[in-house]
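# An overview of the molecular structure
Listed here are the chains, written in short residue letters.
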Amino acid sequence: MKKIIALLLALVMVMGLVACGEKAPEATEAATEAATEAATEAATEAATEAATDAESEATPEAAADPADAIPDEMTSSDGKYQVAFITDVGQLKDKSFNQGTYDGVKLYAANAGKSYKYYQPAGGDQSTDDDRYAAMKLAAENGAEVVVCAGFMQGNALAKAAAEFTDVKFVFIDGWAMGMPNLAGICFQEEQCGYLAGYAAVKDGYTKLGFSGGGGGNNAACNRYGWGFVQGADAAAREMGVQVEMKYSWLYGSSFQASNELQTMAAGWYQNGTEVIFACGGTMFASISAAASAEDAAVIGVDVDQSFESPTVITSAMKGIGEAAFQALTAAETEDGWKALVGEGNDTIVLGAAQNAVGLPVATWSLTGWTVEEYEAMLADIVAGKIEINADDVPEPASTDNVNVIIIK
């Protein structure tokens, strides 16, 4: 098990956490150092240890999804769990947002020798703020030193829990700062990886695109993914002198769940000419990839590399949710590290291409019309500000000069 954990650590992407807003440059540098130093040392040590004999023990399955080597549940000898994870709506094993974030939590806890537990709020897809608060309260009462909460819907409950349990540190993934020193709000520049995915699809020859989003148009992260997708497709279409059609819908995605209705809609799109759909929302992916398989069509995954889930996936718009959880938990090990990360809790930590926190999985994509070198050049241009991507929360994008957006309601 030790060697497996070493391999996992070697695979963790080391990235800096940079705060936005008006925090002083010194605090930003301290946050970056505090958030990355321990993980860098751990990854280096793990890589050294693993180099001699881990190769013979690693399996293809572990290589495909290394965090699977760590159990989702464990039993603490004293009944206390030091690290807690509160799921977003949907299933823990959603192959996307929940699972990707929890992978980082498990990886951290296993390496640090800490007990861990996940909590799914009561009510399932109909969870209320009270349900989410109850899960956070239970985690704190069960001994949690740090609670990682996934998804913007946790906001109201988290504000209450963090104010009540001031000795507990809270990490809000896909969230925001609330002016509390025991809460770190972390969000991502999804528009950047959405842009890359849209650009890649059109460069690969697809001109009939689809976007099926989760959250019903009320999830800012999904909105940024989709709007970035439109902008990227528009840029590639302009360069190539082609026109793109994009069906765009939030139907059947409010709960981020797979459904027969969603699969039927996706199948209809494919049957009527859509070539690839960006499946942007948890287990919605299962419905869309099933439709794509039946129709010999393509899918773009979200949040994590979903190519391991279906051969229909041509690429995925990824963000470092697990890595962000890992880094924040590492910072929480010391008061100095935590204070450097969150300051007074007034600044939301925003992660994007500049922090290696968003992108496409070049090792597994099946693109043939766009090279890795061209992708890396575009990523560098995004970091340098040469490519400007609108980051507004846009649930229903208007058509552009090169992309005819058809909103499906």
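Residues numbered from 1 in each chain as written. Predicted model: local features only at pLDDT ≥ 70, side-chain atom pairs only at ≥ 80, totals over all residues. Heavy atoms only, no water.

### Some details on the sheet that holds strand β10 (residues 313-319)
- With mixed pairing, the seven strands of this open sheet are ordered in space as β12-β10-β9-β8-β6-β7-β13. At either margin of the open sheet sits one strand with a lone partner, and together these are β12 (358-359) and β13 (403-408).
- Summarising the sheet, strand β7 (residues 244-249) and β13 pair through six bridges and their orientation is parallel. Considered in β13, the bridge of Val-244 is made with Val-403.
- Across the sheet, helix α7 (residues 190-203) lies against β6 (208-213), β7, β9 (298-303), β10 and β12, angled at about 165° from β10, the strand it touches most. (Pairing = 2+ DSSP bridges. Helix = DSSP H or I, 4+ residues; strand = E, 2+ residues; numbered from the N terminus. Contact = heavy atoms within 4.5 Å. Axes fitted to C-alpha atoms, helices over the stretch in contact; angles between N-to-C directions.)

### A word on helix α5 (residues 129-141)
- The end-to-end C-alpha distance of α5 is 18 Å, a good match for the 18 Å that 13 residues give at a rise of 1.5 Å each.
- Within α5, burial applies to Arg-132, Tyr-133, Ala-135, Met-136, Ala-139 and Ala-140. Projected onto a plane normal to the axis of α5, the buried residues spread over an arc of 155° and lie on a single side.
- Next to the buried residues of α5 lie β1 (83-86), β2 (116-119), β3 (146-150) and α6 (155-164).
- Just downstream of α5, Gly-143 is the residue with a positive phi angle, here 100°. (Expected span 1.5 Å × (residues − 1). Buried < 20%, exposed > 50% of the residue type's maximum accessible area, 1.4 Å probe, protein only. Arc of directions from axis to C-beta.)

### Side note on the nonpolar core
- Formed by 49 residues in total, the largest nonpolar core has its most connected members in Leu-209, Met-246, Phe-278 and Trp-370.
- If you tally residues by element for this core, the top one is helix α8 (residues 220-240), at nine residues.
- Discounting chain neighbours no more than four positions away, the residues touching Trp-370 are Leu-196, Tyr-199, Ala-200, Lys-203, Asp-204, Leu-360, Trp-365, Tyr-375 and Met-378.
- Of all hydrophobic cores here, the second largest spans 34 residues; its members include Val-83, Ile-186, Val-342 and Ala-357. (Core = buried A, V, L, I, M, F, W, Y, C linked by side-chain atoms within 4.5 Å.)

### Section: the side chain of Ser-307
- Inspection of the secondary structure assignment puts Ser-307 in the loop between β9 and β10.
- Side-chain polar atoms of Ser-307 contact the side chain of Asp-305, separated by 2.8 Å.
- Side chain to side chain, Ser-307 and Thr-364 meet in a polar contact 3.4 Å long.
- Excluding residues that lie within four positions of it along the chain, Ser-307 makes contacts with Val-313, Ser-316 and Thr-364. (Polar contact = N/O pair within 3.5 Å; in protein donor to acceptor, adjacent residues only side chain to side chain.)

### Some details on the packing of α7 against helix α13 (residues 372-384)
- Contact geometry of α7 with α13 gives a least axis separation of 12 Å together with a crossing angle of 145°. The handedness of the crossing between α7 and α13 is right-handed. Contacts from Gln-192, Tyr-195, Leu-196 and Tyr-199 in α7 reach Tyr-375, Met-378, Leu-379 and Ile-382 in α13. (Left-handed = near helix turned anticlockwise from the far one by under 90°.)

### Regarding the pattern of salt bridges
- One pass over the structure, following the stated rule, counts 15 salt bridges.
- Here Asp-72 ties to Lys-93 by a salt bridge, and the two come within 3.3 Å at their closest N and O atoms. Here Asp-72, found in the loop between α3 (60-64) and β1, pairs with Lys-93, found in the loop between β1 and α4 (97-112); they are 21 residues apart in sequence, far enough to count as distant.
- Take Asp-72: its relative accessible area is 21%, and that puts it in the partly exposed class.
- Residue class for Lys-93 comes out partly exposed when judged on its relative accessible area of 32%.
- Where Arg-224 meets Glu-191, a salt bridge forms, and the shortest distance between an N and an O atom there is 4.0 Å. (Salt bridge = Lys/Arg side-chain N within 4 Å of Asp/Glu carboxyl O.)

### Re the state of the cysteines
- If you walk through the whole model with that rule in mind, you get zero disulfides.
- With no disulfide of its own, Cys-193 lies 8.8 Å from the sulfur of Cys-280, the closest cysteine sulfur.
- Judged by relative accessible area, which is 0%, Cys-193 ranks as buried.
- The closest cysteine sulfur to the non-disulfide-bonded Cys-222 is located on Cys-280, 4.0 Å from its own sulfur. (Disulfide = S-S within 2.5 Å.)

### Focus: the pairing of β1
- Burial along β1 is two-sided: the face carrying Val-83 and Phe-85 and the face carrying Ala-84 and Ile-86 are both buried.
- Note: β1 against β2, four bridges, orientation parallel. Pairing of Ile-86 across the sheet is with Tyr-119, part of β2.
- In this fold, β1 hands off to α4, which returns the chain to β2; that crossover is right-handed. (Right-handed = clockwise from strand over helix to strand, strands pointing away.)

### Focus: the confidence of the model for the protein chain
- The predicted model of the protein chain averages 87 in pLDDT, with 84% of residues at 70 or higher.
- Taken together, the stretch residues 1-63 has pLDDT below 50 and engages in 102 contacts with residues farther than four places along the chain or on a different chain. (pLDDT = per-residue confidence, 0-100.)

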